[in-house]
Amino acid sequence: MNDWFTSLKTETPQKGFELAIEMARKGVAYTQPSADIRKRLRSKYAKNADSLIMTSQVIAIHFQTVAAANNYWK
């Protein structure tokens, strides 16, 4: 993978949240590098409330990190 992650600094909380989502997505791609396998698994977790809640939790944890790095956009 190419370097995409250059900084946790963002201009706004919205951009910070988008970075958190991208961090979560990249984490999945690093963990399971096969796009075909990810695509096959998507239909299983897309209908599972617990999986979707866990996805939101991962994004929230990343957002906490980004927010702290940006001094909570004060």
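Provided above is the structure to which this section pertains.
To keep things clear, this report deals only with the structure shown in the data block. Fair warning: this is a prediction, and the values are worked out from it, not measured in the lab. (Residues numbered from 1 in each chain as written. Predicted model: local features only at pLDDT ≥ 70, side-chain atom pairs only at ≥ 80, totals over all residues. Heavy atoms only, no water.)

### Thoughts on the overall build of the protein
- Scanning the protein from N- to C-terminus turns up three helices and zero strands.
- Counting from the amino terminus, the protein carries its helices and strands in the arrangement α-α-α.
- If one aligns the C-alpha atoms of the protein with their principal axes, the spans along those axes are about 40 × 30 × 15 Å.
- Across the 74 residues that make up the protein, the buried fraction comes to 18%.
- Of the contacts made within the protein by residues no fewer than 6 positions apart, 62% connect residues no fewer than 24 positions apart.
- Mean positive and mean negative side-chain charge positions of the protein (11 and 6 charges, respectively) differ by 5 Å. (Helix = DSSP H or I, 4+ residues; strand = E, 2+ residues; numbered from the N terminus. Buried < 20%, exposed > 50% of the residue type's maximum accessible area, 1.4 Å probe, protein only. Contact = heavy atoms within 4.5 Å. Lys, Arg positive; Asp, Glu negative; His and termini not counted. Charge placed at Lys NZ, Arg CZ, Asp CG, Glu CD.)

### So, helix 1 (residues 13-31)
- For helix 1, built from 19 residues, the straight-helix expectation of 27 Å at 1.5 Å per residue is met to within 8% by its first-to-last C-alpha distance of 27 Å.
- Of the residues making up helix 1, those classed as buried are Gly16, Leu19, Ala20, Met23, Ala24, Lys26 and Ala29.
- Those residues of helix 1 that are buried are in contact with helix 2 (35-45) and helix 3 (49-69). (Expected span 1.5 Å × (residues − 1).)

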